[in-house]
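# Working through the structure, step by step
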Amino acid sequence: MSSPSRRPLTLAALASAAVRDLDPVSVSGLHTDEPGVDQALVTDTKGRTWHVVVPRSAAQGAALDLPDTLLPLLDARLPFDVPRPSGYAAVKGVGRAAVHPHREGHQLALESLPAGPGLAATLGRLLAAIHELDPAVYEEAGVPVYDAEGCRRRRLAELDQAAAGGHVPPRLLARWERALDTVTLWRFAPTPTHGPLHGAHVVVAFADDEDSATGEVVAVSGWHHAQVGDPADDFALLCANAPADAFDTVLEAYAAARTDRPDRGLVTRARLAAELELAARLSRARADGDPALVETLSAALADLDERTAGADLMEPQVLTTRPSAPGGEELDELEDEDMAEPTAPTEAAESTERTERTEALAERSAPGPVEVAPKAYQPEATTGDIIDPGSPRAQR
């Protein structure tokens, strides 16, 4: 079960317990786009500001503990800060609260990300830097390592879990299954990844507050889903929430900064990951016994079903500009032999598996009337001292 949201004063008390000489004098809650955690900024008697993060469930608490051994290894290898906790405080039933020194800057609102030179290009280079890391660094830290087929199998498990609840429209299940059963889509070289990149994870500083193009990423947090796996996972939330032209800029900068060409299926798998994340949140809400959230996410999935009716994830992507690989070749024109070729399931095996899974999904997904949400799912808006790069302050 998930705990209810905690009051900021409770988070301030946890921060005081976690860091020996931290005596709070003020606290303000943070409403970010990252689900499953409570967050606050705490100022102490020495004028220092601290960022406290508290999980709402035992599963989220376990996830937050995973990157402890990884963070020190990353800090010296990436061109931005990787915040590390200064202390922890036990929280009954969910694990422990983590307290970091607060890094001055602004958190991103992905839906307001401006295209062109500046933040979008910086994000592309940021993701390339992560994906260029030596996988041995992650292996040394003991974080999960998956090959391409392992990534596909994990997505299949998510599909099974989504279908079991009967809240996902059958048409969406079929859409996802077609992508998961397409062998060529899952030919990629696994890379070190950050995991779903929420705007709350990215701290940005502006050389000129009146020009959003001067924004630079100074720190990245939220490494609790780090693993060696599908590079597309890091693009999922950007693909779902950033403006199309901004996402194109991210892809262009990313491709230019990578040593190896990005694989042709990256954008399609990013879209799939974003859609499956909505279903995964529904599964967690159902497991946590949160009927209100189940209803909200069911409506969001119904809206997604309506918006994608007749569209196939495997259809070619229409971008305002197409990213180019090093050497000037356009990514969507690369030949199959240019891509990495990890072991992939055979067409015959996939055909048999598709038939079996279609029958199983048909039995478990009970279609019924589901109200359509009035608008597409969007992450929670940031508030308080958080400024997005599209705001008047950033662009005036």
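Below is a short write-up of the structure. (Residues numbered from 1 in each chain as written. Predicted model: local features only at pLDDT ≥ 70, side-chain atom pairs only at ≥ 80, totals over all residues. Heavy atoms only, no water.)

## A short note on the packing of aromatic side chains
Selection criterion: Each pair of aromatic rings taken from Phe, Tyr and Trp, with Trp reduced to its six-membered ring, is defined by centres within 6.5 Å and is described as stacked if the planes are under 30 degrees apart, edge-to-face if over 60, and tilted in the remaining cases. Type-normalised accessible area, obtained with a 1.4 Å probe on protein chains alone, sets the label of each residue: buried when under 20%, exposed when over 50%, and partly exposed for intermediate values. Comment: elements are numbered from the N terminus, with helices defined as DSSP H or I runs of at least four residues and strands as E runs of at least two.
Counted according to the given criterion, the structure contains 3 aromatic pairs. With a centroid separation of 6.4 Å and an interplanar angle of 55 degrees, the aromatic rings of Trp186 and Phe188 are classed as tilted. Note on Trp186: relative accessible area 3%, which makes it buried. Note on Phe235 and Tyr254: the rings are 4.8 Å apart at their centroids and 80 degrees apart in plane angle, and the pair reads as edge-to-face. Of this pair, Phe235 sits in the loop between strand 10 (227–229) and helix 8 (236–241) while Tyr254 sits in helix 9 (residues 244–257), and the two are 19 residues apart along the sequence.

## Structural notes on the pairing of strand 4 (residues 87–91)
How we decide: By the convention used here, strands pair only if DSSP detects at least 2 bridges between them.
With burial as the criterion, only one face of strand 4 is covered, namely that bearing Gly87, Ala89 and Val91; the residues Tyr88 and Ala90 on the opposite face remain uncovered. Sheet topology note: the strand 4/strand 5 (residues 95–101) ladder contains 5 bridges and is antiparallel. Directly across from Ala89, in strand 5, lies its bridge partner Ala97.

## Regarding the packing of helix 10 (residues 266–287) against helix 11 (residues 291–307)
Packed helices, taken two at a time, are described by the angle between their axes plus the distance between the axes. For clarity, the cut-off: For helices, the axis comes from a line fit to the C-alpha atoms of the stretch in contact; other axes are also lines fit to C-alpha atoms, and the angle between any two N-to-C directions lies between 0 and 180 degrees. We call two directions roughly parallel when the angle between them is under 35 degrees, roughly antiparallel when it is over 145, roughly perpendicular when it lies between 65 and 115, and oblique otherwise. Each crossing is labelled by how the near helix is turned from the far one, with a counterclockwise turn of less than a right angle marking it left-handed and a clockwise turn marking it right-handed. By definition, residues are in contact when any of their heavy atoms lie within 4.5 Å. Under the grouping applied here, Gly and all other residues not named as nonpolar or charged are polar, the nonpolar ones being Ala, Val, Leu, Ile, Met, Phe, Trp, Tyr, Cys and Pro and the charged ones Asp, Glu, Lys and Arg.
Here helix 10 crosses helix 11 at 155 degrees, and the two axes come no closer than 9 Å. Looking at the two axes, helix 10 sits roughly antiparallel to helix 11. Regarding helix 10 and helix 11, the two cross each other, and that crossing is left-handed. Facing helix 10, whose interface residues are Glu275, Leu278, Ala279, Arg281, Leu282, Ala285 and Arg286, helix 11 presents Leu293, Val294, Leu297, Ser298, Ala300, Leu301 and Leu304. Considering only residue class, the contact of helix 10 with helix 11 consists of 10 nonpolar, 1 polar and 3 charged.

## Some thoughts on the sheet that holds strand 2 (residues 37–44)
Pairing is antiparallel across the open sheet formed by 5 strands, whose spatial order is 1-2-3-5-4. Taken across any chain shown, the strands that pair with only one partner, and hence form the sheet edges, are strand 1 (24–30) and strand 4. Direction aside, the axes of adjacent strands within the sheet are offset by 25 degrees on average. Direction of pairing for strand 3 (residues 49–55) relative to strand 5: antiparallel, over a ladder of 4 bridges. Across the sheet, residue Val52 finds its bridge partner in strand 5, namely Val99. Set on the sheet, helix 1 (residues 8–18) makes contact with strand 1, strand 2, strand 3, strand 4 and strand 5; between it and strand 4 the angle comes to about 125 degrees. Here helix 2 (residues 58–65) sits on the sheet in contact with strand 2, strand 3 and strand 5, set at roughly 130 degrees to strand 3.

## Brief notes about the packing of helix 7 (residues 170–180) against helix 11
With their axes 9 Å apart at the nearest point, helix 7 and helix 11 run at an angle of 65 degrees to one another. One way to sum up the angle between helix 7 and helix 11 is to call them roughly perpendicular. The handedness of the crossing between helix 7 and helix 11 is left-handed. On the side of helix 7, the interface is formed by Arg171, Leu172 and Trp176, while helix 11 contributes Leu301, Leu304, Asp305 and Glu306. The class makeup of the residues in the contact of helix 7 with helix 11 is 4 nonpolar, no polar and 3 charged.

## Things to note about helix 9
We count it as follows: Helix span is expected to be 1.5 Å times the residue number reduced by one.
Taking 1.5 Å as the rise per residue, helix 9 with 14 residues should run 20 Å; its terminal C-alpha atoms sit 20 Å apart, in good agreement. For helix 9, the set of buried residues is Ala246, Phe247, Asp248, Thr249, Val250, Leu251, Ala253, Tyr254 and Ala255. On the buried face of helix 9, the contacting elements are helix 4 (119–131), helix 8 and helix 10.

## Here's the deal with the side chain of Asp38
Selection criterion: We define a polar contact as two N or O atoms separated by no more than 3.5 Å, with the added condition that, inside protein, one atom must be a possible hydrogen donor and the other a possible acceptor, whereas residues neighbouring each other in sequence contribute only through side-chain atom pairs.
Inspection of the secondary structure puts Asp38 in strand 2. On the basis of relative accessible area, Asp38 is assigned to the buried category, the value being 5%. In terms of polar contacts, Asp38 uses its side chain to reach the side chain of Arg56, at 2.8 Å.

## Points about the pattern of salt bridges
We apply this condition: Put simply, a salt bridge is a Lys or Arg side-chain nitrogen that is within 4 Å of an Asp or Glu carboxyl oxygen.
Inspection of the entire model under this criterion finds 18 salt bridges. A salt bridge links Asp75 to Arg84, with the shortest nitrogen-to-oxygen separation between them at 3.6 Å. Residue class for Asp75 comes out partly exposed when judged on its relative accessible area of 29%.

By themselves these figures say nothing about function.
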